[in-house]
Amino acid sequence: MASHTHAGLSRPLLLLYAAASGCAVANLYYIQPLLPQMAQAFHCGLGQIGAIATALQLAYAAGLLLLLPLADAVDKKGFLTWLWISNGAGSILAALADSWSVLMLANLAIGPSAISAQLLIPLVSQQALPEQRGRAVGVVLSGMLSGILLSRVASGLIAAHGGWQAAYWLAAALDGALLLLVRPRLPRSQTAAAAPYPQLLASLWRLWLSHPLLRASVLCGAASFAAVSALWAALAWLLAQPPYHYASAQVGALGLVGIAGILATPYLGRLADLRGSRHLVALGAGLSLAAFLLLLMGAKLPALLLALILLDIGGRAALLGNQLRALALDESARARLNTLFMSCYFLGGAFGTRLGSSLAPQYGWGGIAAIGVAGALIAWAINRRLPGPAMRPAPAGTH
């Protein structure tokens, strides 16, 4: 039975959650291969157009912090419906943008409404058996990370033939598909907390103060994601320079190396079930460190491809390990724990994005490698100080 369900989650429903997560999160990453093309269209530098990508991640973090706590108090089906409608409207506005300011406004709308994937992960964590939790969350996380991968590839290819606006028309179409195909199959959910919204927000601070392991997981995850985001924010610009002269389609196609990470994620989930999250996070930090050291070779194409593969798997290991141990701290507050974890995680990503887009023109591959090495070492050092037994996902009903 375990091969087909995850404690009340049928395999088709689990896969549906995974697909919905991928479509939802994709809209945060379409922009990355498009930055040089957008800068040319709006007659501005990479730093100025990179500010939009940074604002997008900051807006997403704000949505996680201010909106996601509602998932513990409202029907998730209705909440997801509202988010998909809002995200589609923001995508249409971006596709129609005729100035930098309008594009910024559109991305400020896209960011907060892209949090729907983070509603599904706590739901899966809650419904899965304790001994299967890593695998179940790993499946949904694979779907979410597949969306990240395919968004970069698709936006680069589409923009090469239809302009950067076409990527946002694709995003709007996917939001429509979620409403038509996924929404009718989502069950109505019972609310776990009936507290008023101000109390839900206040409870975030109490959770933050009550769980040192949460704070450690947050810092560890944010450092890892900052390093990954710095590279992807700089990659399109670096590869547009001599001797590469890559177009957006070629940069986006590099995202295909992430297939290795997608295939690895369910096995990473099993590793978390068997060995605990501390082991998984240590593996992620080691792989990320190796990846950024490879970039010091001047990003020769074989070294770059290997670095992207290692970084993709390492980033998945770090995310899954840190997120699992955060969600296991209190089963009655998983959405709010996920709020704290993911909002800080994307604050780290926004910081890395800003560093990458700002420093790449001045310091090149060496500067990006230095950022990445620092992030990996910070994550490794924090994780090393944490006790091993506490890293295993807690059984349901324990705290």
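For clarity, every value in this text was computed on a predicted model and none was experimentally measured.

J.: How should the overall build of the protein chain be read in this particular structure?
T.: When helices and strands are counted, the protein chain shows 15 helices and two strands. Within the protein chain, buried positions represent 61% of all 399 residues. In the protein chain, once contacts between residues fewer than 6 apart in sequence are set aside, the share between residues at least 24 apart is 83%. A total of about 14900 Å² of accessible surface is found on the protein chain, and carbon and sulfur atoms cover 69% of it.

J.: Looking at this structure, how should I read helix α8 (residues 165-182)?
T.: Each α-helix winds once per 3.6 residues, and so residues spaced three or four apart point in a common direction. Under the 1.5 Å per step criterion, the end-to-end length of α8 is 25 Å for 18 residues, consistent within 8% with the ideal 26 Å. Of all the positions in α8, only A166, A167, Y168, A171, A172, D175, L178 and V182 are classed as buried.

J.: Just to check I follow, could you spell out helix α10 (residues 212-240) for this structure?
T.: End to end, α10 covers 43 Å across 29 residues, agreeing with the expected 42 Å (1.5 Å per residue, within 8%). A234 marks where α10 bends most, by close to 40°. With respect to burial, α10 is a largely interior element, 24 of its 29 residues being buried.

J.: When you look at a nonpolar patch on the surface in this model, what are you seeing that I'm missing?
T.: Taken together, the side chains of L65, L66 and Y197 make up a nonpolar region of the molecular surface, amounting to roughly 240 Å² of accessible area. Here Y197 lies in helix α9 (residues 197-210).

J.: Explain the nonpolar core to me, please; I cannot follow it from the model alone.
T.: The biggest cluster of nonpolar side chains holds 128 residues, and the ones touching the most others in it are I49, L103 and F346. Non-local contacts of I49, meaning those with residues more than four positions away in its chain, are made with L35, M38, A39, F42, C44, W100 and L103.

J.: Sorry, what's going on with unusual backbone geometry here?
T.: Positive phi values are uncommon outside glycine, yet H43 reaches one of about 55°. Mapped onto the elements of the fold, H43 is located in the loop between α2 (35-41) and α3 (46-66). Despite not being glycine, H245 has its phi angle at roughly 55°, a positive value. You can see H245 is positioned in the loop between α10 and α11 (248-253).

J.: What is the right way to look at the side chain of S224 in this model?
T.: Note that S224 resides in helix α10. A distance of 3.1 Å separates a polar side-chain atom of S224 from the backbone oxygen of C220. Setting aside its immediate chain neighbours within four residues, S224 contacts A318, G375 and A379.

J.: Please clarify how the pattern of salt bridges should be interpreted in this entry.
T.: Pairs may arise between side chains of opposite charge once their charged atoms sit close together. Enumeration over the complete set of coordinates arrives at one salt bridge. Here R316 makes a salt bridge to D312, at a shortest N to O gap of 2.6 Å. One end of the pair is R316 and the other is D312, both in helix α14 (residues 301-327) and four residues apart, which spans about a single turn. Of the two residues examined, R316 and D312, each falls in the buried class.

J.: Teacher, can you tell me more about the environment of A61 here?
T.: Following the sequence through the fold, A61 ends up in helix α3. The class for A61 is buried, based on a relative accessible area of 4%. For A61, the contacting residues outside a window of four places in its chain are S343, F346 and L347.

J.: Just to check I follow, could you spell out the environment of G286 for this structure?
T.: Of note, G286 is situated in helix α13 (residues 277-295). The exposure class of G286 is partly exposed, given its relative accessible area of 38%. Between the C-alpha atoms of G286 and A318, which are 32 residues apart in sequence, the distance is 10.0 Å.

J.: Would you take a moment to explain the side chain of D175 for this structure?
T.: The topology assignment puts D175 in helix α8. No salt bridge is formed by the buried D175. Its closest oppositely charged neighbour is R183, at 13 Å. Ignoring any residue separated from it by four or fewer positions in sequence, one finds D175 in contact with W84, N87, G88 and S91.

J.: Explain the packing of α3 against helix α15 (residues 334-384) to me, please; I cannot follow it from the model alone.
T.: The relative placement of two packed helices comes down to the angle between their axes together with the axis-to-axis distance. In the contact formed by α3 and α15, the axes pass within 8 Å of each other and the chain directions differ by 175°. With respect to their mutual orientation, α3 and α15 come out roughly antiparallel. Contacts between α3 and α15 involve L46, G47, G50, A51, A53, T54, Q57, L58, Y60, A61, L64 and L65 from the former and T339, M342, S343, F346, L347, G349, A350, T353, R354, S357 and P361 from the latter. Residue classes in the contact of α3 with α15 are distributed as 13 nonpolar, nine polar and one charged.

J.: Is there a simple way to explain the packing of aromatic side chains in this structure?
T.: Note on aromatic pairs: each is described by the distance of the centres and the angle between the planes. Summed over the entire model, instances satisfying the criterion amount to nine aromatic pairs. When the ring of F225 is compared with that of F346, the centres are 5.1 Å apart and the planes differ by 70°; the resulting orientation is edge-to-face. Of this pair, F225 sits in helix α10 while F346 is found in helix α15, placing the two residues 121 residues apart along the sequence. Like F346, F225 is buried. For the pair Y345 and F346, a centre-to-centre distance of 5.6 Å together with 75° between the ring planes defines the contact as edge-to-face. Feature note: the residues Y60, F225, F341, Y345 and F346 constitute an aromatic cluster, connected by ring pairs.

Calculation notes
- Residues numbered from 1 in each chain as written.
- Predicted model: local features only at pLDDT ≥ 70, side-chain atom pairs only at ≥ 80, totals over all residues.
- Heavy atoms only, no water.
- Helix = DSSP H or I, 4+ residues; strand = E, 2+ residues; numbered from the N terminus.
- Buried < 20%, exposed > 50% of the residue type's maximum accessible area, 1.4 Å probe, protein only.
- Contact = heavy atoms within 4.5 Å.
- Areas by Shrake-Rupley, 256 points an atom, 1.4 Å probe, with all protein chains shown as cover.
- Expected span 1.5 Å × (residues − 1).
- Bend = angle between axes of the 7 residues up to and from the residue.
- Patch = residues over 30% accessible without salt bridge, like charges linked within 9 Å, V, L, I, M, F, W, Y side chains within 5 Å.
- Salt bridge = Lys/Arg side-chain N within 4 Å of Asp/Glu carboxyl O.
- Core = buried A, V, L, I, M, F, W, Y, C linked by side-chain atoms within 4.5 Å.
- Polar contact = N/O pair within 3.5 Å; in protein donor to acceptor, adjacent residues only side chain to side chain.
- Lys, Arg positive; Asp, Glu negative; His and termini not counted.
- Axes fitted to C-alpha atoms, helices over the stretch in contact; angles between N-to-C directions.
- Parallel < 35°, antiparallel > 145°, perpendicular 65-115°, else oblique.
- Nonpolar A, V, L, I, M, F, W, Y, C, P; charged D, E, K, R; others polar.
- Phe/Tyr/Trp six-rings, centres within 6.5 Å; stacked < 30°, edge-to-face > 60°.

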